[in-house]
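This is what each chain is made of:
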Amino acid sequence: MSALAGPPLPQPGGPARLFRNVDILLLLSTLGLIGFGLVMVYSSTHVSTRPFLYLRSQALHLAVGLIVGGLILAIDYRAFASSARILYVVNALLLGAVLVPHIGRSSLGAQRWIPLGPLGQFQPSEIAKFVIIITLAKYLTDRPGPYQSVWDLAPFLGHVAIPMLLIFKQPDLGTALVYGAIFIGMLYAAGARRRDLATLGAAGLVLVPIFWRLLKEYQRRRLLAFVHPTLDPLGSGYGIIQSKIAVGSGLEWGKGLFAGTQGVLRFVPEHHTDFIFSVIGEELGFVGAVVLLSLFLLWVYRGLRIAAVARDRFGALAAVGIVSMVAFHVFVNVGMTVGIMPITGIPLPFISYGGSALMAMVWATALLLSIGMRHQRVGIGFDASPAPAHLIRSMRGPERHEE
């Protein structure tokens, strides 16, 4: 039986009964993060002639995200698996269209956006993360293994490599790396051996000199600034130096909400997007940062729980992919603002200003909630094969004991 095959989806209890099974803690942590983000977007941009400009834009994108998210929540998540092939093709076409002159829009040396006239613009690479999680989960479900060598993983690598290369070409190194985190997380949950994943990692390291030559000059300077920030303190190292000053100046309790100076006076570049955590550290201090990270920790924990109890392999793998994406975003974004990770332009989920990124996170959370609320027996006939996520790896047979 196919992992996605199953009986029709009657709803004897009606939608209300189904929605009562929503993971409340995941929902509350998501709403907390979104509210936190809206406050910090306003705090980091309110010193201007149009103090509500960014907040209004973020709120409009949030409204669209919530409407679509509601639809995702209402639809059985297996419907996305059925459309995986179409989603993959459309996604690749959008990523390719960004690179076409007169279609894609350039800003700050990168060509990442497609203009939508009076509606603004959107960034296909942000939506593409959500799409790739769905399509890779479907691909891994159709080919459940066991994966006995690194060559068995090659088709999945090819599945992710095409959008990664298109995004790398924009150039957007940070988002391309997010795909790597999603890929590794989902492969591990699907049953790939650690030694094979380590081999893929080693192969990636061997290719570093080649990728180094393909990077833009400003990307190379950013990476060098991570190793030695004082090498160019007024150029490539300026952002990370000012960010660390902002975070450190907040001490335990911070300077107070709306009272920060490093961000609003533009000492910290991109303070409302990539470096918004430095504004949080400055205004809310160590306590505020811990509160925010606790919300993320709760979000990740509930996401992993949903992966563990999902009723089918597709749902479990999609949940792992979503959690891998968010966890990698948080780790790298917070890390780069405090100087333990290189600057790669990855936004802080739900918090950083950016409509496409916010909508993608809301949709991913809606899919996660959909997987979670449909794991329980509410009268809908879900098939239970293959096993839920906590058994995925144990189903692999003898090779598991070889590790």
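Computed from a predicted model, the values in this text were never measured in an experiment.

Caption draft 1: Structural detail: the overall build of the protein chain. The number of helices and strands found in the protein chain is 17 helices and three strands. Within the protein chain, the fraction of its 403 residues that count as buried is 51%. Surface exposure of the protein chain reaches about 18,100 Å², of which carbon and sulfur atoms provide 69%.

Caption draft 2: Quick look at the confidence of the model for the protein chain. Confidence in the prediction of the protein chain, expressed as mean pLDDT, is 84, and 87% of residues score 70 or more. When the elements of the protein chain are averaged for pLDDT, helix H17 (residues 399-402) gives the smallest value, 36, and helix H2 (residues 24-45) the largest, 96. Scored below 50 in pLDDT, residues 394-403 shows 18 contacts in the model against residues more than four places distant or in partner chains.

Caption draft 3: Expanded view of the nonpolar core. Formed by 89 residues in total, the largest nonpolar core has its most connected members in Leu140, Leu187, Leu292, Trp299, Leu348, Ile351 and Leu367. Counting residues in each nonpolar core, the second largest holds six residues, with Ala246, Val268, Met336 and Ile343 among its members.

Caption draft 4: Here's a closer look at the pattern of salt bridges. Taken as a whole, this structure holds eight salt bridges when the rule is applied. With a shortest N-O distance of 3.0 Å, Asp23 and Arg302 are connected by a salt bridge. A residue pair is termed long-range when its members are at least 10 positions apart, and Asp23 in the loop between helix H1 (14-19) and H2 and Arg302 in helix H13 (residues 276-309) qualify at 279 residues. Residues Asp23 and Arg302 agree in their burial class; the two are buried.

Caption draft 5: Local environment of the packing of H13 against helix H14 (residues 313-337). With their axes 10 Å apart at the nearest point, H13 and H14 run at an angle of 165 degrees to one another. Looking at the two axes, H13 sits roughly antiparallel to H14. In the packing of H13 onto H14, the handedness of the crossing is left-handed. Mapping the contact onto sequence places Phe277, Ser278, Leu293, Phe296, Trp299, Val300, Gly303, Leu304, Ile306 and Ala307 in H13 and Ala316, Ala319, Val320, Ile322, Val323, Val326, Val330, Asn333, Val334 and Thr337 in H14.

Caption draft 6: Local environment of helix H8 (residues 173-190). Look at H8: 26 Å from first C-alpha to last across 18 residues, which is about the 26 Å you get at 1.5 Å a residue. In terms of burial, H8 is a largely internal element, 14 of the 18 residues being buried.

Caption draft 7: Quick look at empty space enclosed by the protein. The final tally for this structure, using the stated rule, is three cavities of 30 Å³ or more. Counted as a void, the largest cavity has a volume near 80 Å³. Forming the boundary of the largest cavity are Arg112, Pro171, Asp172, Leu173, Gly174, Tyr218, Gln219, Arg222, Leu223, Ile343 and Thr344. Of all the elements in the fold, those that place two or more residues in the lining of the largest cavity are H8 and helix H11 (217-227). Broken down by element, the lining of the largest cavity gets its largest block of residues, four residues, from H11. Among the residues forming the lining of the largest cavity, the class breakdown is five nonpolar, three polar and three charged.

Caption draft 8: Focus on the environment of Leu116. Following the sequence through the fold, Leu116 ends up in the loop between strand E2 (110-115) and strand E3 (121-122). When near neighbours in sequence (up to four residues on either side) are disregarded, Leu116 contacts Gln121 and Phe122.

Caption draft 9: Quick peek at the environment of Pro51. Summarising the element assignment, Pro51 is placed in the loop between H2 and helix H3 (53-74). Exposure remark for Pro51: the relative accessible area of 25% places this residue in the partly exposed category. Excluding its chain neighbours within four sequence positions, the residues that come into contact with Pro51 are Tyr42, Thr45 and His46.

Caption draft 10: Main features of the packing of aromatic side chains. For the structure on display, the rule yields nine aromatic pairs. Their ring planes at 80 degrees and their centres at 5.0 Å tell us that Tyr54 and Tyr353 sit as a pair that is edge-to-face. In this pair, Tyr54 is assigned in helix H3 and Tyr353 in the loop between H14 and helix H15 (355-373), connecting sequence segments 299 residues apart. Residue classification places Tyr353 among the partly exposed positions, given a relative accessible area of 22%. Ring geometry for Phe168 against Phe211: centres 5.5 Å apart, planes inclined by 75 degrees, an arrangement best described as edge-to-face. In this pair, Phe168 is assigned in helix H7 (residues 154-168) and Phe211 in helix H10 (residues 208-214), connecting sequence segments 43 residues apart. According to the relative accessible area criterion, Phe211 is partly exposed, its value standing at 34%.

Caption draft 11: Quick look at a nonpolar patch on the surface. A grouping of Ile24, Leu25, Leu27, Leu28 and Leu31 is seen on the molecular surface, where their side chains present a nonpolar patch of about 430 Å² in accessible area. Inspection of the secondary structure puts Leu27 in helix H2.

Caption draft 12: Expanded view of unusual backbone geometry. In this model, Gln170 is joined to Pro171 through a cis peptide bond whose omega is 0 degrees. Here Pro171 is to be found in the loop between H7 and H8. With a phi angle near 70 degrees, Phe258 is a residue other than glycine that sits in the positive phi range.

About the cut-offs
- Residues numbered from 1 in each chain as written.
- Predicted model: local features only at pLDDT ≥ 70, side-chain atom pairs only at ≥ 80, totals over all residues.
- Heavy atoms only, no water.
- Helix = DSSP H or I, 4+ residues; strand = E, 2+ residues; numbered from the N terminus.
- Buried < 20%, exposed > 50% of the residue type's maximum accessible area, 1.4 Å probe, protein only.
- Areas by Shrake-Rupley, 256 points an atom, 1.4 Å probe, with all protein chains shown as cover.
- pLDDT = per-residue confidence, 0-100.
- Contact = heavy atoms within 4.5 Å.
- Core = buried A, V, L, I, M, F, W, Y, C linked by side-chain atoms within 4.5 Å.
- Salt bridge = Lys/Arg side-chain N within 4 Å of Asp/Glu carboxyl O.
- Axes fitted to C-alpha atoms, helices over the stretch in contact; angles between N-to-C directions.
- Parallel < 35°, antiparallel > 145°, perpendicular 65-115°, else oblique.
- Left-handed = near helix turned anticlockwise from the far one by under 90°.
- Expected span 1.5 Å × (residues − 1).
- 1 Å grid on protein atoms, 1.4 Å probe; cavity = no way out; pocket = protein on both sides within 12 Å on 5 of 7 lines; lining within 4 Å.
- Points joined across faces, edges and corners; volume = space filled by probe spheres on them.
- Nonpolar A, V, L, I, M, F, W, Y, C, P; charged D, E, K, R; others polar.
- Phe/Tyr/Trp six-rings, centres within 6.5 Å; stacked < 30°, edge-to-face > 60°.
- Patch = residues over 30% accessible without salt bridge, like charges linked within 9 Å, V, L, I, M, F, W, Y side chains within 5 Å.

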